[in-house]
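Examination of the molecular architecture
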Amino acid sequence: IAFSATGKDMENSTGLGKPAKDTLMQEHWTNLPEYVAIGAGGSQTAYNRGNVLCFMLVETKPADPALCPSNQPLATCYETLKPEQKIFNLRLSCAQPSE
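What comes next is a walk through the structure.

What counts and what doesn't
- Residues numbered from 1 in each chain as written.
- Predicted model: local features only at pLDDT ≥ 70, side-chain atom pairs only at ≥ 80, totals over all residues.
- Heavy atoms only, no water.
- Disulfide = S-S within 2.5 Å.
- Helix = DSSP H or I, 4+ residues; strand = E, 2+ residues; numbered from the N terminus.
- Buried < 20%, exposed > 50% of the residue type's maximum accessible area, 1.4 Å probe, protein only.
- Expected span 1.5 Å × (residues − 1).
- Arc of directions from axis to C-beta.
- Contact = heavy atoms within 4.5 Å.
- Salt bridge = Lys/Arg side-chain N within 4 Å of Asp/Glu carboxyl O.

1. Notes on the state of the cysteines
As enumerated under the stated definition, the model contains two disulfides in all. Between the sulfur atoms of Cys 54 and its disulfide mate Cys 94 the distance is 2.0 Å. Between Cys 54 and Cys 94, the disulfide has an S-S torsion of 110 degrees and is therefore right-handed. Here Cys 54 is found in strand 5 (residues 52–62), whereas its partner Cys 94 is found in strand 6 (residues 86–95), with 40 residues between them in sequence. Given a relative accessible area of 0%, Cys 54 falls into the buried group. On the basis of relative accessibility, which here comes to 46%, the residue Cys 94 falls in the partly exposed class. Each sulfur of the disulfide joining Cys 68 and Cys 77 lies 1.9 Å from the other.

If you want it as structure tokens, here you go:
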């Protein structure tokens, strides 16, 4: 499952990830904190239910990479971007062992 939004649709990537996380928790998926990874451009979390494992990646990036110079921290660059120049992506990938 994948979907995207811009800063015009929501203020930050939390707005994209929180509803997906809340839905997984309501459906009795277990959050696996040992798989959490957080960086300047996004975060990864993992969930399981039974023998199914899902990874959720929430990514933040500029609409055009040229908008954020490589020598500038992403957080600093994001302060100067217009809402429509901010892209938020969510990807949920799930798998279960093959028999």
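2. Focus: helix 1 (residues 14–26)
The periodicity of an α-helix, 3.6 residues per turn, causes residues three or four positions apart to be oriented the same way. With 13 residues, helix 1 should reach 18 Å at 1.5 Å per residue; the first-to-last C-alpha distance of 18 Å fits that figure. Every buried residue of helix 1 is accounted for by Leu 16, Gly 17, Ala 20 and Leu 24. In a view along the axis of helix 1, the buried residues occupy a sector of 80 degrees, so they form one face of it. More than 90 degrees from the buried face of helix 1, the exposed residues found are Thr 14 and Gln 26. On the buried face of helix 1, the contacting elements are strand 1 (2–6), strand 4 (42–49), strand 5 and strand 6.

3. Structural notes on the pattern of salt bridges
Within this structure, the stated rule accounts for one salt bridge. A salt bridge links Lys 18 to Asp 22, with the shortest nitrogen-to-oxygen separation between them at 2.8 Å. Residue Lys 18 and its partner Asp 22 are both found in helix 1; the two are separated by four residues, about one turn of the helix. On the accessibility criterion, Lys 18 (46% relative accessible area) is partly exposed. Under the relative-accessibility criterion, Asp 22 is labelled partly exposed at 30%.

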